[in-house]
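# Structural description and commentary
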Amino acid sequence: MNNVNTSVGNTSVGEEEYTLHGKSSITETLRGLTFQISANSFFQTNTHQAEVLYKLIEECAGIKGDGSEIVLDLFCGTGTIGLTLARSAKHVYGYEVVPQAIADARLNAELNGIQNATFVQGDLNKIDENFGKNFPKPDIVISDPNRPGMHMKLIKFLLNLKAPRIVYVSCNPATCARDLDYLCHGVAELNIKGCYKLISLQPVDMFPHTPHIECVCLLELC
Ligand SMILES: C[S@@+](CC[C@H](N)C(=O)[O-])C[C@H]1O[C@@H](n2cnc3c(N)ncnc32)[C@H](O)[C@@H]1O
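The name given to the protein chain in an unreviewed UniProt entry is RNA methyltransferase, and the organism recorded there is Pisum sativum.

Below, the structure written as structure tokens:
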């Protein structure tokens, strides 16, 4: 694939892409599921450690396994986390901004015979008061934003939603600490109260030989 990006930033999403040889997507296996990934869709760069990461996310999600729980998968990419959890959930709702990633997520659900997952394209930095009306109250929220972390609109939404459990996955310790602080202690300048407590925070070495680290944080409603 030749993925063309004319900006000078370090964005991984191209404006144009050309298939020079072979297929326009790659296929990966993770947690026993098969995922098809297009060039503009996010996928963990370290497949070996992604197994470790996703296993940890599953453990933190603590799904009962009786098929009764609703999972909200924010920043879902190609649906990887949501689809691994869908096997033991009632329904998974995934949100993601990149249309191609949402197309991949829907295809990945189909490829793996998973029917209890709905993937919706949308910008989580631009949610309004209608966000949340199209899915039932989740028992578990997974939030796996990119490096800027969560927008204040999303923080406010989560603090209002009061899901019993949030698994926050982050590749940027600075925005991770900021967002955990908002969720636990609120946002004083906006007079918003926090309502979560941090139960665990486990770093995962997703980017060996670099200063970067991924963290999986489990929060529970106070
Ligand atoms: C760190 S990746 C996680 C993807 C997925 N959870 C996974 O494990 O493969 C972050 C994802 O957030 C998406 N994203 C970035 N900004 C967004 C926004 N404003 N609204 C919704 N999704 C966004 C990216 O396209 C990317 O797929």
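Right, picking up where we left off after that structure.
With that out of the way, let us pick up helix 4 (residues 152-161). Those residues of helix 4 not exposed but buried are L154, I155, F157, L158, L159 and L161. Buried residues along helix 4 sit against strand 5 (70-74), strand 8 (140-143), strand 9 (165-170), helix 5 (173-185) and strand 10 (196-204). The first or second residue beyond helix 4 is K162, which carries a positive phi of 55 degrees.

Okay, the UniProt feature "active site" (unreviewed entry) in the protein chain next. The UniProt entry lists C171 under the feature "active site" (unreviewed entry), expressed in the numbering used here. One can find C171 in the loop between strand 9 and helix 5. The contact partners of C171, leaving out residues within four places of it in the chain, are R147, F207, I213 and E214.

Pairing between strand 6 (residues 91-96) and strand 7 (residues 117-121): five bridges, direction parallel. Paired with E96 across the strands is Q121, a residue of strand 7. Each parallel crossover has a hand, and the one from strand 6 via helix 3 (residues 99-111) to strand 7 is right-handed.

Core analysis: the largest hydrophobic core is formed by 35 residues, its most contacted members being I57, I142, V167 and V216. Looking at this core, the elements with two or more residues in it are strand 4 (33-38), helix 1 (47-61), helix 2 (80-86), helix 3, strand 7, strand 8, strand 9 and strand 11 (214-221). With seven residues, the single largest contributor to this core is helix 1.

Let us now look at the packing of aromatic side chains. A ring pair, where both rings are aromatic, is described by two values, the distance of the centres and the angle of the planes. Scanning all chains against the criterion turns up six aromatic pairs. Each ring, one from F135 and one from F157, has its centre 6.5 Å from the other, and the planes form 75 degrees; the classification is edge-to-face. Of the two residues, F135 sits in the loop between strand 7 and strand 8 while F157 sits in helix 4, which places them 22 residues apart along the sequence. An identical accessibility class is assigned to F135 and F157; each is buried. Cluster of aromatic residues (ring-pair linked, three or more members): Y93, Y95, F131, F135 and F157.

Conventions adopted
- Residues numbered from 1 in each chain as written.
- Predicted model: local features only at pLDDT ≥ 70, side-chain atom pairs only at ≥ 80, totals over all residues.
- Heavy atoms only, no water.
- Buried < 20%, exposed > 50% of the residue type's maximum accessible area, 1.4 Å probe, protein only.
- Helix = DSSP H or I, 4+ residues; strand = E, 2+ residues; numbered from the N terminus.
- Contact = heavy atoms within 4.5 Å.
- UniProt positions renumbered as here; feature names shortened; annotations may be inferred.
- Pairing = 2+ DSSP bridges.
- Right-handed = clockwise from strand over helix to strand, strands pointing away.
- Core = buried A, V, L, I, M, F, W, Y, C linked by side-chain atoms within 4.5 Å.
- Phe/Tyr/Trp six-rings, centres within 6.5 Å; stacked < 30°, edge-to-face > 60°.

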